[in-house]
Amino acid sequence: MTIVQVLIVAAAALFLGLFMRERGRLYFLLITSIIVIFWLQPALPLRGFDFWLPTATLVIIVFNWYITAPEELHHEKKNWVTLSILIGAVLLLNLSRFLPFDSILTPSRPPQTETLLIALACLGLLFFFITRLNRFNAALLSISIIGLIAFFLVLKVPALAYWVSYGIRSLTHQSLAEVKGTDLRWLGFSYIAFRIIHTLRDRQMGRLPAVNLAEYVTYIIFFPAFVAGPIDRIEHFIKDLRQPAAALGNDELLVAGQRLMVGLFKKFVVADALALIALNDTNALQVRTTGWMWILLYAYAFQIYFDFSGYTDIAIGTSRLLGIRLPENFSAPYQKPNLTQFWNNWHMTLTQWFRAYFFNPVTRWLRSWEKPLPATVMIALTQIATMLLIGFWHGVTWNFALWGLWHGVGLFIHNRWSDMTRVRAAEWATTPFRKTALNVSGVFLTFNFVALGWIFFALSATSVSWQVFLKLFGLH
Amino acid sequence: MKTLNIILKGLSLFIILNILFVILQPGIGQVSAYNYILPGRERLPFGENSAKAYNLSLFDLDAMFASHEINGAQKSADEFRVILIGDSSVWGTLLKPEETLAGQLNSSNITACGKNVRVYNLGYPTISLTKDVLLLSRGMKYQPDLVLWLTTLEAFPLEKQVASPLVANNKDSLLRLAGSFGLRVDPNDPAFATQNIWDRTLIGRQRALADVFRLQLYGVMWAATGIDQVYPSDYSKAQIDLDADQKFHSFEPPVLDESSLAMNALETGIKVAGSTPIVIVNEPMLISNGKNSDIRYNFFYPRWAYDQYRALMTEQSLNHHWTYVDLWDAVSANEFTNSAIHLTPLGETQLAEKITPIVTAACK
């Protein structure tokens, strides 16, 4: 997002926060969120796809609401109203193709209206048949999870993305000479998938609160958090959404504004400045000395932190203007004395998601074996697998796998080390000085371990990452 | 009320800060990390692709010179300080710092007047004598013992003088030069960037301030990599086959009209140098042997114009007692890169061999 886009989003939130806090609040949030997902979607070289992908986002959400919502909600009038709003919004955005000037709400000229109408009619038919399949709802939940993961793989595996783009270009008679894996940039899909999977799993476990379609869509594409999170839990989000929002008072406005300004400063001043000197694929092979390589690596470590936590601050500040409190995502992670604490304070909502929907179920499953694995093996397996998955979430490449492995192994080693030394450390650290020394050395080691892990994250080639490692330790 | 108070206080502070900025016009460019925590650059900042070149073009002369190594170099008693001024061929387009004329002269460890010669590259990639004078006037602060001014006919047409963005954005400095040394400048030349009071505020200067800040950050990358321009693996070679065109800018054959050439800028430069010896060098250029090479020497020059220019320079230097060296054909045709004046490293070596005796012979 550019600073102008952020400011427009914040201005929209301020307007809604000041004037739309009571009547129609939900629907204004819904409509604004729909517009924002079309508006922020980057232009794509695949003809019409920058319109079709946000449309697909809405279709996927409606489908998942249908299979997760209790049956009695399906035919409530307000859900039909919401569906009409969704279709109407998409149609209106599509009709902007007839404007005499370029639409500012879509990245390029929307596809032909006839095509959209046919697509909507086909989807309507499909939904009609799905409604006949109510008795297969349980299976649909699992199928939907698998489908989302499949979409995710297509977007994140470079080779798959390339071939899908190749196929689409072939079908639509577009140039095959310019096929790229990045042709399918589906803005916000990762976060949408996380939120939907959360609702699907909670539905499977009978924990999902009953929400209407407008609430569900707003939760999934809530515009302040659409691009970069945080990943709120639906029950928490809905609670804030349903509460009659108090008038936007001075204190709330100040807190929200302060958070927004801090976020803007972090992202557009600090992170963007650090980006000029942060480690990347180009400069990794140009740096001449070990000392400068460390500086570039540290610059990257701080850049990624300020960038991401800046966006989080912007999202939290913006949503507070709307009377919704999003969860925190970062809590001074680089000041934590060990890797476990680092991960409890870095991208917290993501790690909580993986803990809830992967780590804990897998651990329970492993424990349920007749002959359970030794605890050490179980810890190693679950921690490494979880971190590998988090790595793959960023992209299915060798370097993200290595990044995940680096942290998985690191967490396991810390777990074992901590078990072995906890008592001795407590006996030794009896004075404030010793406690501080222990804490400082822990912070130093943890930060540097994390920073070294960023090498895999920042670079795309394993061979270059290895050369950077060697250079950092004066071996190249 | 609390919110309104904060907004009003913030707004007032912001307005006060802007007014102070207009009144004081602080020389932000003088504050630099170069030569303190970062090594100085070996040539003036210039770059069209900042992210890859780790360099950028800006017009703040204070910031430009503050980032140059000459600003951090204390002149010792045994240093014979030489500054080079000129266009992109002196700056060193497509050349690493050590491959430029300055780099090659420095690596040859020559002496002059019993002192070690240290050469500083103050070339800058736009072709204009006025731009050279502007940079020379700044460079004189660093007490050179010799100035080498490499130039070519392309720098002379009056219409080119203010076309350099560096000149267009430094009107005040030029007007000072006009006042002190008689540089002919038209203050109403539309090429000058206009500045109103708004442009002098913090907001109005945000771009210039951001450039100064980015220059410091790219200094980190310059220090880390030694890279200060993009070195493409492939580029279009200088044109050999030429159009059958006799024109040179607005000049038509048969006479090169002296009154349309910026001879005054050359004279001003010599005045600016004062008692410091200055050697004017007609820089080497590509002499094409391709199509229509009987009409033109290269992309820049028809033969008639360039021949008259050389004769004019010889005549003027004799009349004014300038030290003038004509090295127009000192470099073989295959040692030019993407332009008729840009040299390969070997071309620079050939040029350095011709320049070295001039430097060693130069004593105040």
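Residues numbered from 1 in each chain as written. Chains lettered and ligands numbered in written order. Predicted model: local features only at pLDDT ≥ 70, side-chain atom pairs only at ≥ 80, totals over all residues.

1. Overview of the overall build of chain B
Argument step 1. Summing up its helical and strand segments, chain B has 13 helices and 6 strands in all.
Argument step 2. A globule of 364 residues ought to have a C-alpha radius of gyration of about 21 Å, and chain B, at 22 Å, matches this closely.
Argument step 3. Seen along its three principal axes, the alpha-carbon backbone of chain B occupies a region of about 80 × 45 × 45 Å.
Argument step 4. The proportion of buried residues among the 364 residues of chain B is 42%. (Helix = DSSP H or I, 4+ residues; strand = E, 2+ residues; numbered from the N terminus. Rg over C-alpha atoms; globule rule 2.2 N^0.38 Å. Buried ≥ 20, exposed ≤ 12 C-beta atoms within 10 Å, placed from the backbone.)

2. Concerning the overall build of chain A
Argument step 1. When helices and strands are counted, chain A shows 19 helices and 0 strands.
Argument step 2. In terms of overall size, chain A behaves like a compact globule, its C-alpha atoms giving a radius of gyration of 24 Å where 476 residues would be expected to give roughly 23 Å.
Argument step 3. Principal-axis analysis of the C-alpha atoms places the extent of chain A at approximately 70 × 55 × 50 Å.
Argument step 4. Residues classed as buried in chain A amount to 35% of the 476 residues present.
Argument step 5. The contacts in chain A between residues at least 6 apart in sequence include a share of 71% that link residues at least 24 apart. (Contact = placed C-beta atoms within 7 Å.)

3. Looking at the domain arrangement of chain A
Residue and element names in this part refer to chain A.
Argument step 1. Along its sequence, chain A is carved into domain 1 (23–242) and domain 2 (331–472).
Argument step 2. Between the C-alpha centres of domain 1 and domain 2 the distance comes to 34 Å.
Argument step 3. Tallying the contact residues gives 12 residues for domain 1 and 9 residues for domain 2.
Argument step 4. Among the secondary structure elements, those contributing two or more residues to the side of domain 1 that touches domain 2 are helix 7 (137–156) and helix 9 (189–204).
Argument step 5. Of the residues forming the side of domain 1 that touches domain 2, the biggest block, 5 residues, is contributed by helix 9.
Argument step 6. Looking at side-chain class alone, the side of domain 1 that touches domain 2 contains 7 nonpolar, 3 polar and 2 charged residues. (Domains from an automatic or database assignment. Nonpolar A, V, L, I, M, F, W, Y, C, P; charged D, E, K, R; others polar.)

4. A word on the pairing of strand 1 (residues 79–85) of chain B
Residues and elements named next belong to chain B.
Argument step 1. Counting buried positions along strand 1 yields 6 of 7 residues, so the element is predominantly enclosed.
Argument step 2. By the bridge criterion, 6 bridges tie strand 1 to strand 3 (residues 115–121) in an arrangement that is parallel. Bridge pairing in strand 3 links Leu 84 to Asn 121.
Argument step 3. As paired strands, strand 1 and strand 4 (residues 146–151) are joined by 4 bridges and run parallel to one another. By the bridge assignment for strand 4, Ile 85 is matched with Trp 149. (Pairing = 2+ DSSP bridges.)

5. Side note on the interface of chain B and chain A
Argument step 1. Contacts between the two partners involve 14 residues from chain B, matched on the other side by 14 residues from chain A.
Argument step 2. At the level of elements, helix 1 (2–24) and helix 10 (206–225) of chain B are the ones that each hand at least two residues to the side of chain B that touches chain A.
Argument step 3. Grouping the amino acids of the side of chain B that touches chain A by side-chain chemistry returns 8 nonpolar, 3 polar and 3 charged.

6. Regarding the sheet that holds strand 1 of chain B
Residue and element names in this part refer to chain B.
Argument step 1. Spatial strand order, 2-3-1-4-5-6: 6 strands in an open sheet with mixed pairing. Unpaired on one side and paired on the other, strand 2 (111–112) and strand 6 (323–326) mark the two borders of the sheet.
Argument step 2. Taken together, the 5 bridges between strand 4 and strand 5 (residues 278–282) define a ladder with parallel strand orientation. Considered in strand 5, the bridge of Val 147 is made with Ile 278.

7. Quick word on the packing of helix 3 (residues 49–68) of chain A against helix 9 of chain A
Residue and element names in this part refer to chain A.
Argument step 1. Remark: helix 3 packs on helix 9, axes separated minimally by 10 Å, with the N-to-C direction vectors making an angle of 10°. By the angle class used here, helix 3 and helix 9 are roughly parallel. Contacts between helix 3 and helix 9 involve Thr 57, Ile 61, Asn 64 and Thr 68 on the former and, on the latter, Ile 192, Ile 196, Thr 199, Leu 200 and Arg 203.
Argument step 2. Split into classes, the residues belonging to the contact of helix 3 with helix 9 amount to 4 nonpolar, 4 polar and 1 charged. (Axes fitted to C-alpha atoms, helices over the stretch in contact; angles between N-to-C directions. Parallel < 35°, antiparallel > 145°, perpendicular 65-115°, else oblique.)

8. Looking at the pairing of strand 3 of chain B
Argument step 1. For strand 3 of chain B, the tally of buried residues reaches 5 of 7 residues, placing the bulk of the element in the interior.
Argument step 2. The loop that links strand 2 of chain B with its antiparallel partner strand 3 of chain B comprises 2 residues; one of these, B:Cys113, has a positive phi angle of about 55°.

9. A few points about unusual backbone geometry
Argument step 1. Residue A:Pro230 is reached from A:Gly229 by a cis peptide bond, and omega for that bond is 0°.
Argument step 2. Along the chain, B:Pro253 connects to B:Pro254 via a cis peptide bond; the corresponding omega equals 15°.
Argument step 3. Its location among the elements puts B:Pro254 in the loop between helix 10 and helix 11 (263–273).
Argument step 4. For B:His249, which is not glycine, the phi dihedral falls at a positive 50°.

10. As for the confidence of the model for chain B
Argument step 1. Per-residue confidence for chain B gives a mean pLDDT of 93, with 99% of residues at or over 70.
Argument step 2. Interface confidence in the predicted complex, given as ipTM, is 0.87; pTM for the same model is 0.90. (pLDDT = per-residue confidence, 0-100.)

11. Quick look at the nonpolar core
One broad rule of soluble globular proteins: the nonpolar side chains tend to lie buried together.
Argument step 1. A:Leu296 and B:Leu84 are the most contacted members of the largest nonpolar core, which has 126 residues in total.
Argument step 2. For B:Leu84, the contacting residues outside a window of four places in its chain are B:Val90, B:Leu101, B:Ala102, B:Val119, B:Tyr120, B:Asn121, B:Leu122, B:Gly123, B:Leu148 and B:Leu150.
Argument step 3. Formed by 66 residues, the second largest nonpolar core is a distinct cluster that contains A:Trp186, A:Phe226, A:Ile324 and A:Trp353. (Core = buried A, V, L, I, M, F, W, Y, C linked by C-beta atoms within 7 Å.)

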